[in-house]
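# What the coordinates show
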Amino acid sequence: MEDPFLNLASLSSYIAQQFVQFIEDLISRDILGWSEYLVDFGGQLVNLTSEGSCRAVPEACSFPSRVSDTGSSFRFQARRSSNLNDNLPVNSILEIVRSNQSYGGFSLIFEGLMIPVYGLRFTWKLMLASWRCYMSHIRCAVVRVQRVISRVRKTLRGSSDDIGWLQQDPEMAPIVDGSARFRELLQDIRNGQHALPDTFVYLLIPGFFSNHGPLYFVSTKKFFSKMGLTCHIAKIHSEASVEQNAWELKQYIEELHWGSGKHVMLLGHSKGGVDAAAALSKYWHDLKDKVAGLAFVQSPYGGTPVASDILRDGQIADKETRRIMEFLICKLIKGDIRALEDLTYEKRKEFIKNHKLPDDIPLISFHSEASIALNVMATMSHIAHAELPWLPLPGFSGYDSENVIQAGCKVPVIVPVSAALALCALHLQLRYGERSDGLVTCRDAEVPGSVMVKPDMKLDHAWMVYSSWRKDPNEPDASEMCEALLTMLVELGSSPTIRDLCQYRLIHVQVAELHLKSTDLKLWS
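All chains use their own residue numbering, which begins from 1 and follows the written sequence. Only residues with pLDDT of at least 70 get local features here, since the model is predicted, and only at 80 or more are side-chain atom pairs given and counted; chain-wide, interface and lining totals rely on the full set of residues. Note: side-chain values were computed over all heavy atoms of the structure, leaving out hydrogens and water.

### Let's talk about the overall build of the protein
Strands here mean DSSP runs of E at least two residues long; helices mean DSSP runs of H or I at least four residues long; both are numbered from the N terminus. A count of helices and strands for the protein gives 16 helices and 14 strands. In what follows, a contact means two residues having at least one pair of non-hydrogen atoms within 4.5 Å. Contacts spanning at least 24 positions in sequence make up 78% of the contacts within the protein whose residues lie at least 6 apart. Note on areas: Shrake-Rupley, 1.4 Å probe, and residue coverage restricted to the protein chains presented here. Working note: accessible area of the protein is about 31,000 Å², and carbon and sulfur atoms make up 59% of it.

### What about the packing of aromatic side chains?
The rule is short: rings of Phe, Tyr and Trp, with Trp giving its six-membered ring, pair when the centres are within 6.5 Å, and they are stacked under 30 degrees, edge-to-face over 60, tilted in between. According to the stated counting rule, one finds 10 aromatic pairs in the structure shown. On the basis of an interplanar angle of 80° and a centroid distance of 5.4 Å, the ring pair of Tyr216 and Tyr466 is categorised as edge-to-face. With Tyr216 in the loop between β7 (200-205) and α6 (218-226) and Tyr466 in the loop between β14 (451-453) and α15 (478-494), this pair connects stretches of sequence that are 250 residues apart. Comparing Tyr216 with Tyr466, the two get one shared label, buried. Counting every residue linked through ring pairs, the aromatic cluster contains Phe200, Tyr202, Phe223 and Phe224. For Arg348, the ring lying beneath its charged end belongs to Tyr301, and the centroid distance is 5.2 Å. Note on exposure labels: buried denotes an accessible area under 20% of the residue type's maximum, exposed denotes more than 50%, and partly exposed covers the range between, all computed with a 1.4 Å probe on protein chains only. Here, a charge over a ring means that NZ of Lys or CZ of Arg falls within 6 Å of the ring centre while also lying within 35 degrees of the ring normal.

### Examining the side chain of Lys290
Within the secondary structure, Lys290 is located in the loop between α9 (284-287) and β10 (291-297). Note on charges: Lys and Arg go in the positive column, Asp and Glu in the negative column, and His and the chain ends are not counted at all. One side-chain nitrogen of Lys or Arg within 4 Å of one carboxyl oxygen of Asp or Glu is enough to make a salt bridge. At 4.9 Å, Glu254 is the nearest oppositely charged side chain to Lys290, a buried residue that forms no salt bridge. Discounting chain neighbours no more than four positions away, the residues touching Lys290 are Ile253, Glu254, His257, Trp258, His263 and Val264.

### With respect to the pairing of strand β8 (residues 230-233)
Here β8 shows one buried face, formed by Cys231 and Ile233, and one open face, formed by Thr230 and His232. A pair of strands is considered paired only if DSSP assigns at least 2 bridges between the two. The sheet contact formed by β7 and β8 spans four bridges and is parallel. Residue pairing for β8: Val201 is matched across the bridge by Thr230.

### A word on unusual backbone geometry
In this model, Phe217 sits at a positive phi of 65°, which is unusual for a non-glycine residue. Assignment of secondary structure puts Phe217 in the loop between β7 and α6. When its relative accessible area of 1% is taken as the criterion, Phe217 is described as buried. Look at Ala317: it is not a glycine, yet its phi comes out positive at around 55°. Turning to its location among the elements, Ala317 is positioned in the loop between α10 (305-311) and α11 (318-332).

### Here we look at the pattern of salt bridges
Opposite charge on two side chains allows them to pair when their charged atoms are near. Scanning the entire structure with this criterion turns up 16 salt bridges. Its salt-bridge partner being Asp318, residue Arg151 comes within 3.3 Å of it at the nearest N-O pair. One end of the pair, Arg151, is in helix α3 (residues 115-157); the other, Asp318, is in helix α11, and 167 residues separate them in sequence. With relative accessibility at 26%, the residue Arg151 sits in the partly exposed group.

### A word on the sheet that holds strand β11 (residues 363-366)
Ordered in space as β6-β14-β11-β10-β9-β7-β8, the seven strands form an open sheet in which the pairing is parallel. A single partner strand is all that each edge strand has here, and the edge strands are β6 (176-177) and β8. Judged from the two bridges that link them, β6 and β14 form a sheet pairing that is parallel. Within β14, the position partnered with Val176 by the bridge is Val451.

### Structural notes on the nonpolar core
One finds Leu203, Leu266 and Leu280 to be the most contacted residues of the largest nonpolar core, which totals 49 residues. Leu280 has contacts with Leu266, Leu287, Val291, Leu294, Leu357, Pro358 and Ile361, leaving out every residue within four places of it along the chain. Among buried residues, the Ala, Val, Leu, Ile, Met, Phe, Trp, Tyr and Cys ones that are joined through side-chain atoms within 4.5 Å form a nonpolar core. The next biggest cluster of nonpolar side chains, apart from the first, holds 41 residues, and it includes Leu204, Ile364, Ala462 and Leu489.

### Quick notes on the side chain of His257
Turning to its location among the elements, His257 is positioned in helix α7 (residues 242-260). Take His257: its relative accessible area is 16%, and that puts it in the buried class. Residues within four places of His257 in sequence aside, it is in contact with Lys262, His263, Asp289 and Lys290.

What follows is the structure, given as structure tokens:
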């Protein structure tokens, strides 16, 4: 039995000889590339070219250069001059000729030996591609998780950073508290002392969804008409955008002024106050000789968290919520989604920055806090009348004349609006810790530079425009409060006190502008 170590040594020696032979072949090919050789075998000259071929050459063309060998004598002559000083043996040259014939087989063997290397290279590339694909999936998963976390944080954060931004802005004019004077005027009105003059036209501007509430401001208008005052309810599309309603109000005010020759007192509820403020801000050059004052009643002048939380981009289910609101506002009630967008904090900040209220007009901002007691859940609001068709309906009395209800009888439509607003107010209080009337927070309803009024009663957002189904005769109603607000607005426009207040507002704005200019100069220097 042969020794395996001996076989391994023989194989190693053979591989070493073949490697040396391979190096000699490479060197010989380089030498043959520079010159061609002639070899004389017993008087016959043989030309060995660089291509490895042999041909006979006459002796007269050769150079005498003798090389001796033990077996036979032959002459090696060079056709070209060369710097080679060493003589090349004949056996090596002959082996070069034979190796040229077997070099192709060695290349196949070399390529066969390289197959494992190619396999390793392919495996490495495959592993690298798999790792890159895996890492790309990991990065996509991380991005998705971060996006979900960002949406959750934005949803939970809500409007916490936006509520009350008007009070935090140093450029805004201060607010004066006039609640005490309002309570005095309200008490005088309940005692029968009505001081509201008939030298003005009083325009009541309704808010959101007023087109679907037939009794919106109706009781207040009747109350003013009984006192002989000229009162109108603005016929605008409440579900339209703020800019569109501002243009319509501008035309409406001009028609009232031209028709009566009197100045117009404005009282806007909810979005109506925002529309009126937009009309004064954008068209004050045309309205400054026609409008005597503006009273904001529960108006989201700074915005409302309800609209912002519904339409905020980047929160959970933002696209689905927008589709639902677009269906409700645009399809069902034939409105414009911009009517709700214009009440968000983002839109209000942009609008107030570009269109500020004029400084020489009296302003009153009225806001209230809704009650969240359990007895409010049973409060019903009278929002409309429904007329019964011509159908004989049996009565519940024993007389024959009352056994049927005549056609055309109006039945009141009552809706638990106060209960819904109480739940919204509770939600805003628990989530943000803010007092509100159910839709507008107290801080967002305070207009900069205005006289702020806060009643002692707890009133929800709909109380000022819809009468309660059960009225308390010991408490004032919405019509009396509107009269007190307009009376106070007339006083502010006619007394020297309001002139001083307006002058103070103008001085405050000028000081703020000078402060900004000085700050810019310091930064520039």
